[in-house]
Amino acid sequence: MIRTTLGLCALLTALALPLFAQQAADAVAPEGPSELAQSAQHPQTQAALEAKQAGRPVRAHDWMVAAAHPLAAEAGAEVLARGGSAADAMVAVQAVLGLVEPQSSGLGGGAFLVWYDAATGALTTLDGRETAPLDATPRLFQDENGAPMEFFDAVIGGRSVGTPGTPALLEEAHRRWGRANWAGLFDAAIGLAEDGFEVSPRLAAMVAGDMLNLMKSETARPYFLPGGVRPTPGHRLRNPAYAATLRAIARDGARAFYTGAIARDIVATVQGASDNPGTLSMTDLALYRVRERPPVCAPYRGRQVCGMGPPSSGALTLGQILGLVEPFDLAALGPRSAEAWRLIGDASRLAFADRGRYMADSDFVAVPVKGLIAPDYLRDRAALLRGTRALDEAAPGEPEFDHALRRADDIAIELPSTSHISIVDSYGNALAMTTTIENGFGSRLMTNGFLLNNELTDFSFATHSGGRPIANALAPGKRPRSSMSPTIVMEDGAPVLVLGSPGGSRIIGYVAQALIAHLDWGMDVQQAVAMPHLLNRFGAFEIEAGSSAMALQTPLEALGFETGLTPLVSGLHAIAIGDDLQGGADPRREGVALGR
Ligand code: GLY
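Predicted model, so just to flag it, every value in this text is computed and none were measured. Residue positions are given per chain, counting from 1 as you read along its sequence in written order. Local features in this predicted model are restricted to residues of pLDDT 70 or higher, and side-chain atom pairs are both shown and tallied only at a pLDDT of 80 or more, whereas totals for entire chains, interfaces and linings draw on every residue. Values shown for side chains rest on all heavy atoms present in the structure; no hydrogens or waters enter the calculation.

**Q** Could you clarify how one ought to interpret the site of the ligand in this entry?
**A** Note on definitions. A residue lies near a molecule or strand when any single heavy atom of the residue is within 4 Å of it. The immediate surroundings of the ligand are formed by eight residues, with Glu-438, Glu-455, Asp-458, Ser-482 and Ser-483 found nearest. Expressed as a share of its isolated accessible area of 190 Å², the protein-covered part of the ligand is 100%. All accessible areas in this document rest on Shrake-Rupley with a 1.4 Å probe, and a residue is counted as covered only by the protein chains that are shown.

**Q** Got a minute to help me understand helix H13 (residues 260–271) in this structure?
**A** For the α-helix, the turn length of 3.6 residues means that residues three or four positions removed from each other point alike. A helix here means a DSSP run of H or I that spans at least four residues, while a strand means a run of E at least two residues long, and both kinds are numbered starting from the N terminus. A helix is expected to reach a length of 1.5 Å times the quantity of its residues less one. Helix length check: H13, at 12 residues, gives a terminal C-alpha distance of 16 Å against a target of 16 Å (1.5 Å per residue), a fit within 8%. Residues of H13 that are buried include every one of Ile-262, Ala-263, Ile-266, Val-267, Thr-269 and Val-270, and no others. The buried residues of H13 occupy an angular sector of 165° when the element is viewed end-on, so they sit on one face. Residues are treated as being in contact if the distance between any of their heavy atoms lies within 4.5 Å. Considering only its buried residues, H13 is in contact with helix H11 (240–252), helix H12 (255–258), helix H14 (282–287), strand E12 (446–447) and strand E13 (450–451). Think of it in three bands: residues with accessible area under 20% of the maximum for their type are buried, residues over 50% are exposed, and the middle band is partly exposed, with areas taken using a 1.4 Å probe on protein chains only. The directions considered for the arc are those from the helix axis to the C-beta atoms.

**Q** Just checking my understanding: could you explain the state of the cysteines for this structure?
**A** Think of a disulfide as a covalent bridge from one cysteine sulfur atom to another cysteine sulfur atom. Note on disulfides: each one is a pair of cysteine sulfur atoms within 2.5 Å. Evaluated as defined, the whole model comprises one disulfide. Disulfide partner of Cys-297: Cys-306, at an S-S distance of 2.1 Å. In this structure, the disulfide formed by Cys-297 and Cys-306 twists by about 115° around the S-S bond and is classed as right-handed. Residue Cys-297 is classed as partly exposed on the basis of its relative accessible area of 28%.

**Q** What exactly am I supposed to notice about empty space enclosed by the protein here?
**A** Space left empty within the atom packing is revealed by a probe, the size of a water molecule, rolled over the atoms. Both site types are read off a 1 Å grid over the protein atoms alone. A 1.4 Å probe that fits but cannot get out defines a cavity, while an open set with protein on both sides within 12 Å along at least five of seven lines defines a pocket; lining residues have an atom within 4 Å of a point. Grid points are joined across faces, edges and corners, and a volume is the space filled by probe spheres set on the points. If you walk through the whole model with that rule in mind, you get five cavities of 30 Å³ or more. In this structure, the largest cavity encloses a volume near 100 Å³. Considering the residues around the largest cavity, the lining is formed by 16 residues, among which Ser-348, Gly-509, Leu-534, Leu-535 and Asn-536 are closest to the centre. Within the residue set of the lining of the largest cavity, elements represented by two or more residues are helix H17 (338–358), helix H20 (507–519) and strand E18 (534–535). When residues in the lining of the largest cavity are grouped by element, the largest group, five residues, is from H17. Of the residues belonging to the lining of the largest cavity, the class tally is eight nonpolar, six polar and two charged. The classification used treats Ala, Val, Leu, Ile, Met, Phe, Trp, Tyr, Cys and Pro as nonpolar, Asp, Glu, Lys and Arg as charged, and all other residues, Gly among them, as polar.

**Q** In this structure, what is going on with the nonpolar core? I would like to understand it.
**A** Taken as a class, soluble globular proteins show a tendency for nonpolar side chains to be buried jointly. Core analysis: the biggest nonpolar cluster contains 106 residues, and Leu-113, Phe-186 and Phe-224 have the highest contact counts within it. Looking at this core, the element that brings in the most residues is helix H4 (residues 86–100), giving 12 residues. Ignoring sequence-local partners within four residues, the contact set of Leu-113 consists of Met-90, Thr-124, Thr-125, Leu-126, Leu-169, Ala-173, Trp-177, Met-308, Leu-431, Ala-432 and Met-433. Counting residues in each nonpolar core, the second largest holds 71 residues, with Val-325, Ala-471, Leu-515 and Ala-517 among its members. Residues enter a nonpolar core if they are buried and are Ala, Val, Leu, Ile, Met, Phe, Trp, Tyr or Cys, with the set joined through side-chain atoms within 4.5 Å.

**Q** Any chance you could explain the sheet that holds strand E10 (residues 419–424) here in plain terms?
**A** One requirement defines pairing of two strands: DSSP has to find at least two bridges between them. The seven strands are arranged E7-E4-E3-E11-E10-E2-E23 in an open sheet whose pairing can be described as antiparallel. Edge positions in the sheet fall to strand E7 (291–293) and strand E23 (592–595), since each of these pairs with one other strand and no more. Ignoring strand direction, the axes of neighbouring strands in this sheet form an average angle of 15°. Alignment of strand E2 (residues 64–67) against E10, held across three bridges, turns out to be antiparallel. By the bridge assignment, Met-64 is partnered in E10 with Val-424. Sitting on the sheet, helix H3 (residues 70–81) touches E2, E10 and E23, and the angle it makes with E2 is about 160°. What counts as an axis is a line fitted to C-alpha atoms, over the stretch in contact for a helix, and the angles between N-to-C directions run from 0 to 180 degrees.

**Q** Looking at this model, I keep getting lost on the pattern of salt bridges. Mind explaining?
**A** Only one rule defines a salt bridge in this text: a Lys or Arg side-chain nitrogen within 4 Å of an Asp or Glu carboxyl oxygen. Taken as a whole and judged by the stated rule, the model has 27 salt bridges. Residue Arg-301 is joined to Asp-520 by a salt bridge in which the shortest nitrogen-to-oxygen separation is 2.5 Å. Note that Arg-301 is positioned in the loop between strand E8 (296–300) and strand E9 (303–307) and Asp-520 in the loop between H20 and helix H21 (525–530), a separation of 219 residues in sequence. Each of Asp-127, Arg-293, Asp-363 and Arg-479 takes part in one network of salt bridges that share partners.

**Q** Explain the pairing of strand E19 (residues 541–544) to me, please; I cannot follow it from the model alone.
**A** In the case of a regular strand, side chains alternate between the two sheet surfaces. Side chains of E19 alternate between two faces, with Phe-541 and Ile-543 and Glu-542 and Glu-544 buried alike. As paired strands, E18 and E19 are joined by two bridges and run antiparallel to one another. Its bridge partner lying in E19, Leu-535 is registered against Glu-542. Where E19 meets strand E20 (residues 563–566), four bridges bridge the pair, whose relative direction is parallel.

See the structure below:
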C-alpha cells in the first residue's frame, strides 16, 4: 500500500480534461472546483483516477463500487473483496463519506436506497428520508405575516432539521441483505476519524466558500475552522467525536443514535440553536422508521427504469422525461443536435410542471403515481413536443387521478448538494443509494462529530397559492419532497445499469442525460457521466459553463429558448452490468469507481 503524494496529485491535475478546467465554484451554494482528492491510498485507486481523467471506464468482473471520495470507495471495496454484500459495502462507504465528505451526507441526514436482489430477482426501495418533527407547524418557514422566509434564514439553525433517517437505513439494509459483521463495517471510518484523513481540495474549497456561515455556527466552527483558520488541501483532520459515535452505533446499532446520549445531544443542539431553534424532540427520534415503498418503474427503449417513488419526485419525473422523449429518434439526432435538446429540455419542463403540482409524500397527500407515468397520458403530453420551437409555456397536465381536490404549484428551492453511491457485489446484487444532508454543510449545526441536515427546507415554504393547497406543504411527521433519483435500469428482469447523482433538483436532469447518453447515444458509462450538461427545469436552458455544450447556446436560442451559462456540478456514479462491469465516476468531483 502506498500513500498518494502531492506529485501524484499534480500529475492527475495535469491530466484533467480542458473541457472542465474552467468550472468555478457554484454561485449560490459553493460546490467547489473540479479537482482530485489527495488521499487515495491504493495503487488501484490511482489507476482508477487516471482512467477517469483519461475518460475511460473502470472494468471489473466480480464486483464494483463507485462513490464520491477515494477513501469511501476503498472502504467499500475492502468489504466487497472480503465477500461482503453490496449492503455491507454501502454501510462502510456511508460511514467514511460522513467523515471525508461531511458537507454532503452523513448520519445527521437521510437517504433513499434501491436494491436488486440476485437471489429473488426482486427490486426493493427503502425510504430513509427525514421526517418533520411532530411539533413543527405548516407555517414553520413563514414570518408572522405569512410571508415565506428568506431561504438561508430558514436553512441555518435548528428550524430546518428533520429527524435523521440515515442511521436507521444503514441498519435496515444490513438487517435485510447484510452478510458481514455489522460492527466491522465501521472499522475503516473509525480508523480514519481517529488517525486523521487528508482534507481534499473539494472539502477545503467548500469550507472556504461557506466561511461566513460556518464561523457563525458555535457547533461547527471548532471542527471546520479551528482558531478561525480554514483547512488547506492535504491538512490532516481528526474527528474523535465521530469515531466515538460510530463506535456506539457499531456496538449497539441505530438505537445508540435514536435514544440515549447522542439523541439527547441532537435535541439539545437543535432546540438550543442560538438564533433559530427548532422543535426536534426525543419522541421524534424514537419514533423514526424506515419505510419500504413500491419501486416506481417506467419503460424506456425496451428497459425498465426503476427508482424511488414518493416522497421522492425522482423516479416519477425521470420516468416522465424518458416517456415523453421515447417517441422521438434521439439516437438519429445525436448529442450535438439542438433538436434533440429541444425535445429533452421541453420534456423536462413538462415533467417539472407535473412535479410541482402533484408530487409529495404520499403518506400525507394523494399522488397520482400510476397516472403520471401512464402510457396514454405520456403519449398525449408528448404530442405537445411535435412542434419545431420551444414551448411558450409548460403547464401541468391532468393525469388520471381519483382525487377531486385541485392543487396549486410549488417551486420549493433545492440547491445543489448530496452524494451518490452505486455498488454491484460478487453475488450479483445491485444497490443505488443517494444520500444527503441537503444544503452544503446542512443546517451548519454539528454534534457528536456529524452535521445535522436542513432537509425541512425541501418543503414548500407556502402552504397555499391562489386559495389552493400545495401538495408539498409541511405537516408534522411528513417527509419533504426530494429529487434524489437512485436508479437501477432493468432489462429482461436483470439489472444493466446502476446510477444516480447529487445536485438538488438538477439531479433528475443529470440522471436523465446520462441514461440517454448511454442508451440512445451509445456512450460508455464514463463518457455518459462526463458529458457536458444541458438542463431545463423551469423554462431557461442551463448550459454547463466552460464546456463544449456552449456550442448549443445560439442554436437553442434560435429555437426560442432563454439560455444561461452556469457551473453544473453533477456527481454521477454509474455501473454498467454486461459481460463485465464498467464503472464511471464524474470528473467534476473527486469520486472514483473501484472493482475487481
Ligand atoms: N435535498 C435534496 C433532495 O432531496 O433532492
